[in-house]
Amino acid sequence: MGGHSAVNMGSIFRFASRDIAIDLGTANTVVFVKGRGIVMNEPSVVAMEWQNGLRKVRAVGDDAKLMMGKTPENIKTIRPLRAGVIADLEVAEQMIKHFISKAQAGGSRFSSNPEVVISVPSGATSVERRAIRDAVSNAGAGKVSLIDEPMAAAIGAGLPVRDPIGSMVVDIGGGTTEVGVISLQGLAYCESARVGGDKMDEAIASYVRRNYNLLIGEGTAERVKMEIGSAKRTPESDDITTYVRGRDVARGVPSEIVLTQAQVADAVAEPVARIVHVVRSALEHTQPEIAADVIDAGITMTGGGSLLREISTVIEYETGLPVTVAESPLDCVALGAGQALEDPTYRGALLAI
């Protein structure tokens, strides 16, 4: 009996080191647990509360996002990442710690020091990469490995990254757009621009303020983008509408207007043009042999920004290449980082710091 329980404990310990992969995004964090797949996708938001001069965590993720723009003076909602990199180290650590422990719930309570693979923007500096690694280590991870976001997105989207075939992935996140040209488990070329879903939200908010003298919050702008946003006008754009509520700047009272899809397309035209520019620039810098492969295979889009209506059509038109949006684009980076964690043949994709 004694021998049996010892074996049992051993297997619990082995099972308990639930290794995880994290797509630490500016807008959302997606967590993948080894052997279980994706277990959570929550907003990268933390609500901090001040009590007697001390700052403590009030809520994280979904709960914190509900509070955005609606908090009393002693509570502040913070998004610790800006443009894919950590802007507030202390809050980022608290958030990562919360997500790691939440992801491991349902496992054993011995779960300590898991191995973590975490994605970083390809344009992140070595200082920014170190900050991400340190935040994850301080949050309780054992071994920490980094993977470039476009590489993780390509693996997660099922592209043939291990073969000598060039493929191109465009990952539009909340804070950054990453374009990666991948061949033989390496980034043959990558370009990262700090434009993404957040810039679209800002563009919608400033359009509404400019044209209607109405102040709207981040959350409202994001809702408009998701409900009726489009990268270009279509014949029916003038008929698709939504209500927008905010504060009238001149009169200082709550007010409501109706926005059309055509107006939203005009509002987001500038960030969309910047995304197109990054894609074209990456194509111009691609080696001729790889470019030939990309002409055949086309461009694969991932990330939340790829869900904007008509964006694939715009990129297709501007590049002359076929564009497909990956299946479950929001999960691709986390799935790819998870595959790099589970499958030794992808280990070559991980970065040394």
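What counts and how
Residues numbered from 1 in each chain as written. Predicted model: local features only at pLDDT ≥ 70, side-chain atom pairs only at ≥ 80, totals over all residues. Heavy atoms only, no water. Helix = DSSP H or I, 4+ residues; strand = E, 2+ residues; numbered from the N terminus. Rg over C-alpha atoms; globule rule 2.2 N^0.38 Å. Buried < 20%, exposed > 50% of the residue type's maximum accessible area, 1.4 Å probe, protein only. Contact = heavy atoms within 4.5 Å. Lys, Arg positive; Asp, Glu negative; His and termini not counted. Charge placed at Lys NZ, Arg CZ, Asp CG, Glu CD. Axes fitted to C-alpha atoms, helices over the stretch in contact; angles between N-to-C directions. Parallel < 35°, antiparallel > 145°, perpendicular 65-115°, else oblique. Left-handed = near helix turned anticlockwise from the far one by under 90°. Pairing = 2+ DSSP bridges. pLDDT = per-residue confidence, 0-100. Expected span 1.5 Å × (residues − 1). Core = buried A, V, L, I, M, F, W, Y, C linked by side-chain atoms within 4.5 Å.

This part is about the overall build of the protein. Check the secondary structure of the protein and you find 12 helices and 19 strands. A globule of 353 residues ought to have a C-alpha radius of gyration of about 20 Å, and the protein, at 22 Å, matches this closely. With respect to the principal axes defined by its C-alpha atoms, the protein has extents near 75 × 65 × 35 Å. Counting over 353 residues, the protein shows a buried share of 51%. Taking all contacts inside the protein whose residues are at least 6 apart in sequence as the whole, residues at least 24 apart take part in 63%. Of the charged side chains in the protein, 35 are positive and 43 negative; the average position of the first set lies 8 Å away from that of the second.

Attention now goes to the packing of helix α3 (residues 89-104) against helix α4 (residues 126-138). Contact geometry of α3 with α4 gives a least axis separation of 8 Å together with a crossing angle of 50°. As summarised for this structure, α3 and α4 are arranged oblique, according to the angle between their axes. In this structure, the crossing between α3 and α4 has a hand that is right-handed. Contact with α3, carried on its side by Leu89, Glu93, Ile96 and Lys97, involves Ala131, Ala135, Val136 and Asn138 of α4 and no other residues of that element.

This brings us to the sheet that holds strand β14 (residues 214-215). Here we have 3 strands laid out as an open sheet, ordered β14-β15-β16, and antiparallel in their pairing. Only two strands of the sheet have a single neighbouring strand rather than two, namely β14 and β16 (254-260). In terms of strand pairing, β14 meets strand β15 (residues 241-248) through 2 bridges, oriented antiparallel. Note on β15: the bridge partner recorded for leucine 215 is arginine 247. Sitting on the sheet, helix α6 (residues 197-212) touches β14 and β16, and the angle it makes with β16 is about 110°.

This part is about the confidence of the model for the protein. Averaged over every residue, the pLDDT of the protein is 87; the share at 70 or more is 93%. Across the protein, helix α8 (residues 261-267) holds the top mean pLDDT of 96, while helix α1 (residues 2-16) sits lowest at 44. Segment residues 1-16: pLDDT under 50, and 7 contacts once partners within four positions in sequence are set aside and those in other chains are kept.

Taking 1.5 Å of rise per residue, the 16 residues of helix α9 (residues 269-284) would be expected to cover 22 Å, and the 22 Å separating its terminal C-alpha atoms lies within 8% of that figure. Of all the positions in α9, only Pro271, Val272, Ile275, Val276, Val278, Val279, Ser281 and Ala282 are classed as buried.

On to the nonpolar core. Met168, Ile204, Ile216, Leu259, Ile299, Ile311 and Ile315 are the most contacted members of the largest nonpolar core, which has 40 residues in total. Broken down by element, the residue count for this core peaks at 6 residues, all from α9. Leave out the neighbours within four places in its chain, and leucine 259 touches Tyr207, Val208, Tyr212, Val224, Ile228, Ile240, Thr241, Thr242, Val244 and Val264. Formed by 29 residues, the second largest nonpolar core is a distinct cluster that contains Val60, Ile96, Val116 and Ala141.

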